[in-house]
Structures are given as C-alpha cells and as structure tokens.
Amino acid sequence: DVKVTQSSRYLVKRTGEKVFLECVQDMDHENMFWYRQDPGLGLRLIYFSYDVKMKEKGDIPEGYSVSREKKERFSLILESASTNQTSMYLCASYSSGTGGRNYGYTFGSGTRLTVV
Amino acid sequence: GIQVEQSPPDLILQEGANSTLRCNFSDSVNNLQWFHQNPWGQLINLFYIPSGTKQNGRLSATTVATERYSLLYISSSQTTDSGVYFCAVLRGYSGGGADGLTFGKGTHLIIQP
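Bear in mind that the values here come from a model prediction, so they are computed numbers and not experimental data. (Residues numbered from 1 in each chain as written. Chains lettered and ligands numbered in written order. Predicted model: local features only at pLDDT ≥ 70, side-chain atom pairs only at ≥ 80, totals over all residues. Heavy atoms only, no water.)

Chemist: Explain the overall build of chain A to me, using residue names and the numbers behind them.
Modeler: Within chain A, the regular secondary structure consists of zero helices and eleven strands. In sequence order, the secondary structure elements of chain A are arranged as β-β-β-β-β-β-β-β-β-β-β. A compact globule built from 116 residues should have a C-alpha radius of gyration of about 13 Å, and chain A, at 14 Å, falls within 12% of that. Burial analysis of chain A (116 residues in total) assigns 48% to the buried set. If you take every contact in chain A between residues at least 6 apart in sequence, the share linking residues at least 24 apart comes to 56%. As displayed, chain A has an accessible area near 5500 Å², and 50% of this comes from carbon and sulfur atoms. Each charge class in chain A can be summarised by its mean position, and for the 16 positive and 14 negative side chains these summaries are 4 Å apart. (Helix = DSSP H or I, 4+ residues; strand = E, 2+ residues; numbered from the N terminus. Rg over C-alpha atoms; globule rule 2.2 N^0.38 Å. Buried < 20%, exposed > 50% of the residue type's maximum accessible area, 1.4 Å probe, protein only. Contact = heavy atoms within 4.5 Å. Areas by Shrake-Rupley, 256 points an atom, 1.4 Å probe, with all protein chains shown as cover. Lys, Arg positive; Asp, Glu negative; His and termini not counted. Charge placed at Lys NZ, Arg CZ, Asp CG, Glu CD.)

Take a look at the structure:
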C-alpha cells in the first residue's frame, strides 16, 4: 500500500515563525498536494506539484509556499505564521496512471498546527 | 470553479441500518472519488468512480455522470462506519498536468450501537 507520511502529528508555533511541514510518499507518485481542513469550510487546496521542482497554486495559496526538490518529498512552508493559519494540514499523493487519467488519492494522517 | 454539494450534512442511524449519501456536482467530471474520514482525522479513499457502479463489501457507489450526481450506499451499518464521508471531483487540468480535487462539505455519519 502507498504510504504518505507527515512528519508531525501536532505542532505549536508562535506568530511570525517560519514553519515547515514535511510530507513523504513511498510509491514514486508524480503528483502531490497540500490541503487545509477547517470546520465549516471543508478541505481546500493550497498548492500542488505534478513533478519535481514544479508547483501550481491551488485555491488558497496566500501566505504559503512549497518546495519539491525530490520526487518523494513535498514541503509546505509558512513564511511568517499567523493565527489564521491554525488548521489541520493534509498531504496527499497519487499517480496519474496511463493516458493521463487519475486514480485514487492517498492522504497522510494530517498535521494539526496551532499558531499562538 | 466546479461546485460539489453533499446531502444530508448530518445523519444519525442505528447499527444495522442502511443509508444513502448523495453528491451533486455542477459540471461534467472525469474523476470522482469518495473518502471516509475517521474520528482520528485519517482520510481513506473508498472509491474512484467517475461513472458506473462499484461495490466493496457493504459499501457501493454509483455515479451518473450525465446527470451530475453520485450516490454512496452503506448497508448494515456498523459503529466503525461513523465519521465524515466526502465526495471530491477533479478541478480541471492545469497547464502542466493533472489538477487537485474539489471537496464537498461532507456528510457527518453517526452510527449508534
């Protein structure tokens, strides 16, 4: 089974800190994603990457950046953490398969970030 | 962008009951997935089902792409089925490749013993 591992389950950071959330997948998937999940708002796409060093903005990229230096690792960066970035962050990956079709996503177990 | 609506938002059932969850989407899609998020927050992919019907044990799903809806059926519910069920569709295709998923707000299912 594909495994998507997020480095921290819980994280508490101070306002203004630079925060790195790490995600690693072990199945050579080319596509990786970062979502945040908030009560009443559901899951929203922050950034995604379809190849090493490639990145695309999702629906809510403001205040975030990403890095994909290796195929298996996709990092989400909060340049200057703010309290409104307190949330559950979920990483996902999948393989496009043949013909560019998409198959099932695999999610990590999430990082619950609190910014104080 | 594409809109995804799920109903009902909340559902409370007794163990052993059957249920049907619905997902409506606003545009044609070539990728639709159902997920279950357990009480610990882990999202599990249940079905990749852009069209047709699939079954996996007590769960089955049907997508009627021409009418822009999908249904998730849970039969003989168990307490372990509790959690939030999400429907998600592909947003589209970016210039470089595939795009991310747009999620509905979910159906919160509680199965009581």
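Chemist: Outline the interface of chain A and chain B, listing residues and values.
Modeler: When the parts come together, some accessible area is lost, and that loss is often what is quoted as the size of the interface. Counting from both sides, the interface comprises 26 residues of chain A and, opposite them, 24 residues of chain B. A combined buried area of about 1900 Å² lies between chain A and chain B, and 50% of that area is made up of carbon and sulfur atoms. Where chain A packs against chain B, one counts zero salt bridges. Across the contact surface, chain A and chain B share six residue pairs in polar contact (both at pLDDT 80 or more). For the side of chain A that touches chain B, the secondary-structure elements that each account for two or more residues are β4 (31-38), β5 (42-49), β6 (56-57) and β9 (87-94) of chain A. (Buried area = accessible area lost by both parts, 1.4 Å probe. Salt bridge = Lys/Arg side-chain N within 4 Å of Asp/Glu carboxyl O. Polar contact = N/O pair within 3.5 Å; in protein donor to acceptor, adjacent residues only side chain to side chain.)

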